[in-house]
Amino acid sequence: MLIVVIVVTAFLTRSVEAQKNWRREILQTTLRVHKNIRSSLFLQNNVIAPQEDNHFCHFPPVSPEDALEQRLLQESLAWPETPSLSAEFSLLKTTCPRRSTFTILPKDAGEPWHVGGQLEVLIKVYDFRGIRRKTGGDFIIARLHNPFLLAGVVGQITDHHDGSYSAVFPLLWSGNATVEVTLIHPSDGVSVLRKLNEESPDRIKFASVFQKDRLSVRTTCNVCLRPTKRPMCNFTDVQTGEPWFCYKPRKLPCDTRVVHSKRSSAVNVGQYERLFHNKTNMKIPIPPSGPGSVNVLPVDKDDPEVKNKIRSSGVAGYYYRDLWHAVSGSTVQHFSTPDEISSCLQGKELHLYGDSTIRQWYEHLNESLPDLKEFDLHSLKQVGPFMAFDYERNIYVNFQCHGPPIRFAQVPVPQLSYIANKLDTVVGGANTVVVIGIWSHFSTFPVEIYIRRLQSIRKAVVRLLARAPATLVVIRTSNLKQLSVFEAVTNSDFYSMERDRILRAVFKDVNVRWVDAWEMTLAHYLPHELHPQTPIVRNMIDVLLSHICPLKRRKI
């Protein structure tokens, strides 16, 4: 154990001197940002005076470049115009999935479908009265699947802004291919979700415990803390500039904060709750107006462009025999035994940073590899941090949850750590793998809060790759989940879709690899869950390991 401590200490110390200069620059920039954000409010001892501010959830970007990128990203999320919310709201006039239909469009001259081609579907939506909708903005998803082959692929949706939509699918296996179209939210529901994030970004409640001697006080906290007559404690991170605030306890100073927690939350959307019922208009299939499936023939040998058509289909991959296959890029290998996984990870250190969907990967590896032994840090099961070793194969795996906002029951304040700061402690190199997954806990905030966090993480990734270019960085995207009324208005798939698009755009030009959790959950036959079931996770780990051990380099 002493040897492990010495190695870890040396591992961290090596990067300290090399980081002094840029950390000093970060600190100076951050202090300037803090001064600009609340120049008239900032007092000594991290206390902010009572304030009156109608824009309590908007923070200036760190730099002009960040500001421009933020604006462009927000513009890229433009959604078709959705109905305005009014007291005259009528559910009967909203999209009804069971009255809506989809139609498989025939090929020219009745030609057959072949592997390598594509299938197009036209979707028409109607309200509960059976009247055709004339506007767009509904959130619709689609997949093509074969339950006997355990095959599936996502469809690309196009909104025509007139109550009709198209779904296009690549044809990637021969045999039956059945279309499935699902309404996640009607356009009116999208209006409610967007309004909630602007007007009620604090609908998930957070708190902190402040404690000194025998006095213990709990106060409300948030990145978006509503103005009151009470002073606030400013816990903005010095290195990243990530904002976080708590109402100051009356009898305790700000530096007595010991625990961060999520409080019970209730969200009342009044009459609009009827837009989020999972038996009428939320995650409900849209039926076909005719045949709902086609028979796909093998590859047309007279078509020399088949491979190029598949690569340019716009999807990341597909399932066949319940195994994920990439359409382009690295070949996905399937690691079916603990020895195969351990062989790939031999000599590697694997750093997992993010939310509980990343913790799920740590748990999967820990359960799958009998020689990977967890070191007991006496951490809370939900929170971590966790670390595990395989001493014989020299494998090190650790998990660290991201900093607030984080919806875990309770987190000791010393364990609150921002991913960017953790990345700055990683030495990196050819045997270092970093995995990042951060999305779910940002769903209730304006997207600029998420953009800001990703920008700070990206800067840290760029610094890591600059000092250790051989480091492998892998990013896990968001995924779909099961929805109740509460989950819909706090963690809807619509919010996840937006953050998924932002995540891809922010890291588009950075040398990172991807695990497309969005497609891997949408294309699969299993129900959508925040923490996907084992068959999906196993395929995700296969993609991760395929990035770590590309086929041409893999040692058998």
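Residue positions are given per chain, counting from 1 as you read along its sequence in written order. Only residues with pLDDT of at least 70 are given local features in this predicted model, and only at 80 or more are side-chain atom pairs given and counted; all residues enter the totals for whole chains, interfaces and linings. Side-chain metrics in this entry use all non-hydrogen atoms of the structure; hydrogen atoms and water are not considered.

**Q** Can you walk me through the packing of helix α2 (residues 64-76) against helix α8 (residues 447-467) in this structure?
**A** The angle between the axes and the distance between the axes are what describe a pair of packed helices. Only the contacting stretch of a helix is used when fitting its axis, a line to C-alpha atoms as for every element, and angles between N-to-C directions run 0 to 180 degrees. Numbering of helices and strands runs from the N terminus; a helix is a DSSP stretch of H or I covering at least four residues, while a strand is a stretch of E covering at least two. Contact geometry of α2 with α8 gives a least axis separation of 10 Å together with a crossing angle of 130 degrees. Of the possible angle classes, the one that applies to α2 and α8 is oblique. Note on packing geometry: the crossing formed by α2 with α8 is right-handed. Listed contacts from α8 to Asp66, Glu69, Gln70, Leu73 and Gln74 of α2 are Val447, Glu448, Ile451, Gln455, Arg458 and Lys459. In this classification, the charged set is Asp, Glu, Lys and Arg, the nonpolar set is Ala, Val, Leu, Ile, Met, Phe, Trp, Tyr, Cys and Pro, and all remaining amino acids, among them Gly, are polar. Among the residues forming the contact of α2 with α8, the class breakdown is three nonpolar, three polar and five charged. Oblique is the label for every angle not falling under 35 degrees (roughly parallel), over 145 degrees (roughly antiparallel), or within 65 to 115 degrees (roughly perpendicular). With the far helix as reference, a near helix turned anticlockwise by less than a right angle produces a left-handed crossing, and one turned clockwise produces a right-handed crossing. A contact between two residues is defined here by any heavy atoms of the two lying within 4.5 Å.

**Q** Just checking my understanding: could you explain the side chain of Asn222 for this structure?
**A** Summarising the element assignment, Asn222 is placed in strand β11 (residues 215-222). Polar contacts, as used here, are pairs of N or O atoms within 3.5 Å; protein pairs need one atom able to donate a hydrogen and one able to accept it. Residues neighboring in sequence count only if both atoms are side-chain atoms. Among the polar contacts listed, one links the side chain of Asn222 to the backbone nitrogen of Cys224, at a separation of 3.0 Å. Setting aside chain neighbours within four positions, we find Asn222 in contact with Asp202, Ile204, Phe206, Trp244, Phe245 and Phe445.

**Q** Even after reading the chapter, I still don't get the confidence of the model for the protein, so can you show me in this structure?
**A** Detailed reading of predicted coordinates is not advised where the pLDDT is low. In this model, the protein carries an average pLDDT of 89, and 90% of its residues clear a pLDDT of 70 or more. Here residues 1-45 is a poorly scored stretch, pLDDT under 50, and it has 55 contacts once near neighbours within four places are set aside; other chains count. Known as pLDDT, the predictor's per-residue confidence is scaled from 0 to 100.

**Q** When you look at the pattern of salt bridges in this model, what are you seeing that I'm missing?
**A** Two side chains with opposite charge may pair up if their charged atoms get near one another. Each salt bridge in this description consists of a side-chain nitrogen of Lys or Arg and a carboxyl oxygen of Asp or Glu lying within 4 Å of one another. Here the structure, examined in full by the defined rule, presents 20 salt bridges. Residues Asp66 and Lys459 are paired through a salt bridge, measuring 2.7 Å at the closest nitrogen-oxygen approach. In this pair, Asp66 sits in helix α2 while Lys459 sits in helix α8, placing the two residues 393 residues apart along the sequence. The structure contains a network of salt bridges with shared partners spanning Asp339, Asp371, Asp390 and Arg393.

**Q** Where do I start with the sheet that holds strand β2 (residues 95-104) in this structure?
**A** Picture the strands of a sheet paired through backbone hydrogen bonds; they go either parallel or antiparallel. The strand order across the open sheet formed by four strands is β2-β4-β8-β7, and the pairing between neighbours is antiparallel. Of all the strands in the sheet, just β2 and β7 (156-159) have a single pairing partner and so form its edges. Strand-to-strand twist in this sheet, taken as the mean axis angle between neighbours without regard to direction, amounts to 25 degrees. Whether two strands pair comes down to DSSP finding at least two bridges between them. Bridge count between β2 and strand β4 (residues 118-127): six bridges; the pairing is antiparallel. For Thr95, the partnering residue across the bridge sits in β4 and is Asp127.

**Q** So what exactly am I meant to see when it comes to the sheet that holds strand β19 (residues 349-354) here?
**A** Pairing in this open sheet of seven strands is mixed, and the strands run β20-β21-β22-β19-β24-β25-β26 from one edge to the other. Every interior strand has two partners, whereas the edge strands, β20 (373-375) and β26 (513-515), have only one. Between one strand axis and the next, the sheet turns by 20 degrees as a mean value, whatever way the strands run. When β20 meets strand β21 (residues 386-390), the two strands line up antiparallel, connected through three bridges. Counterpart to Lys373 in the pairing with β21 is Phe389. Of the strands in this sheet, β19, β20, β21, β22 (395-401), β24 (432-437), β25 (472-476) and β26 touch helix α6 (residues 356-368), which is tilted by about 145 degrees from β19.

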